[in-house]
Amino acid sequence: MDKRRARRRRVEKRRRLIFLVLILLLIPLLIQGILIKNRLIRLKIDDVEYVEFIKFPENKMVTIKNPKKLKRIIRKINGFSGSNVGSQPHTDKEVSFVNVYTKSHGKVELTKTDEYIGVNGNWYKVRSKYTNEFDKFFQEYF
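Worth saying up front: this structure is predicted, and the values here are computed from it rather than measured. (Residues numbered from 1 in each chain as written. Predicted model: local features only at pLDDT ≥ 70, side-chain atom pairs only at ≥ 80, totals over all residues. Heavy atoms only, no water.)

## Thoughts on the overall build of the protein chain
Next up, step 1: Broken down by element type, the protein chain carries 3 helices and 7 strands.
Next up, step 2: Going from N to C terminus, the protein chain has its helices and strands arranged as α-β-β-α-β-β-β-β-β-α.
Next up, step 3: For the protein chain, the C-alpha radius of gyration of 23 Å lies well beyond 14 Å, the compact-globule estimate for 142 residues.
Next up, step 4: Its C-alpha atoms give the protein chain principal-axis dimensions of about 85 × 35 × 25 Å.
Next up, step 5: Burial status across the protein chain gives 34% buried among its 142 residues. (Helix = DSSP H or I, 4+ residues; strand = E, 2+ residues; numbered from the N terminus. Rg over C-alpha atoms; globule rule 2.2 N^0.38 Å. Buried < 20%, exposed > 50% of the residue type's maximum accessible area, 1.4 Å probe, protein only.)

Laid out in structure tokens, this is it:
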């Protein structure tokens, strides 16, 4: 009898451990799935021809065609996620544009105002992390 009980306990402990490991592996996958669902845009790196950065009210523009820089920029843009708010938010602050020109879709326009990012006229409320990354593009290239 003692051997059976000991064996049952070992099997039960093993099952608990397997269950815990499965749960710990599924949580990051679920979080990643939610982030992908709320992604603003998905661009293929090989499909991008060049990127323009435009900043108002200074009326400055920079064009990036370097493949290494383009790859880095597109990876960051593909990581942006947020919730759709529909209409354009009103702002009196500066507006920044990133125009991505692709071979298949033409021009994709990203617009940033405060904590909102617009993609071809569809507006999303995003975390400050993404707006800061957007601002870093302009600090780096201006």
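## So, the sheet that holds strand β7 (residues 122–126)
Next up, step 1: Strand order across the open sheet formed by 7 strands is β2-β1-β4-β5-β6-β7-β3, with antiparallel pairing between neighbours. What marks the edges here is a single partner per strand, and that holds for β2 (60–64) and β3 (82–86). Averaged over all adjacent pairs, the angle separating strand axes in this sheet is 25°, with direction ignored.
Next up, step 2: By the bridge criterion, 4 bridges tie strand β5 (residues 106–113) to strand β6 (residues 116–119) in an arrangement that is antiparallel. By the bridge assignment, T111 is partnered in β6 with G118.
Next up, step 3: With respect to the sheet, helix α2 (residues 67–78) is in contact with β1 (48–56), β2, β4 (95–102) and β5, its orientation differing from that of β1 by roughly 70°. (Pairing = 2+ DSSP bridges. Axes fitted to C-alpha atoms, helices over the stretch in contact; angles between N-to-C directions. Contact = heavy atoms within 4.5 Å.)

## Side note on the packing of α2 against helix α3 (residues 128–141)
Next up, step 1: Their axes nearest at 10 Å, the elements α2 and α3 cross at an angle of 160°. Taken together, the axes of α2 and α3 lie roughly antiparallel to each other. The element α2 and its partner α3 pack so that their crossing is left-handed. Mapping the contact onto sequence places K69, R72, I73, K76 and I77 in α2 and E133, F137, E140 and Y141 in α3. (Parallel < 35°, antiparallel > 145°, perpendicular 65-115°, else oblique. Left-handed = near helix turned anticlockwise from the far one by under 90°.)

## Focus: the pattern of salt bridges
Next up, step 1: Overall, the coordinates contain 5 salt bridges when judged by the stated rule.
Next up, step 2: Of the charged contacts, one joins E12 and R16 as a salt bridge, the two residues approaching to 2.7 Å between their closest N and O atoms. Of the two residues, E12 and R16 both sit in helix α1 (residues 2–37), 4 residues apart, roughly one turn of that helix.
Next up, step 3: Owing to a relative accessible area of 41%, E12 belongs among the partly exposed residues under this scheme. (Salt bridge = Lys/Arg side-chain N within 4 Å of Asp/Glu carboxyl O.)

## Section: the confidence of the model for the protein chain
Low pLDDT marks stretches whose predicted atomic positions should not be read closely.
Next up, step 1: Looking at the protein chain, pLDDT values average 84 and 93% of them are 70 or higher.
Next up, step 2: β3 is the least confidently modelled element of the protein chain, averaging 82 in pLDDT, while α2 averages 90, the highest of any element. (pLDDT = per-residue confidence, 0-100.)

## Some words on α3
Next up, step 1: Taking 1.5 Å of rise per residue, 14 residues should cover 20 Å, and α3 covers 20 Å from first to last C-alpha, within 8% of that figure.
Next up, step 2: Of all the residues in α3, the buried ones are Y130, T131, E133, F134, F137, F138 and Y141. Down the axis of α3, the sector holding all buried residues measures 160°, keeping them to one side. Exposed residues lying more than 90 degrees from the buried face of α3 are S128, K136 and Q139. (Expected span 1.5 Å × (residues − 1). Arc of directions from axis to C-beta.)

## Describing the side chain of N99
Next up, step 1: Tracing the backbone shows N99 in strand β4.
Next up, step 2: If we skip the residues at most four places from it in the chain, N99 touches Y50, V51, E52, I54, K107, V108 and E109.

## With respect to the pairing of β1
Next up, step 1: With 8 bridges joining them, β1 and β4 adopt antiparallel strand pairing. Paired with V48 across the two strands is T102, which belongs to β4.
Next up, step 2: Once β1 ends, the chain turns through 3 residues before running back antiparallel as β2, passing N59 with a positive phi of about 55°.

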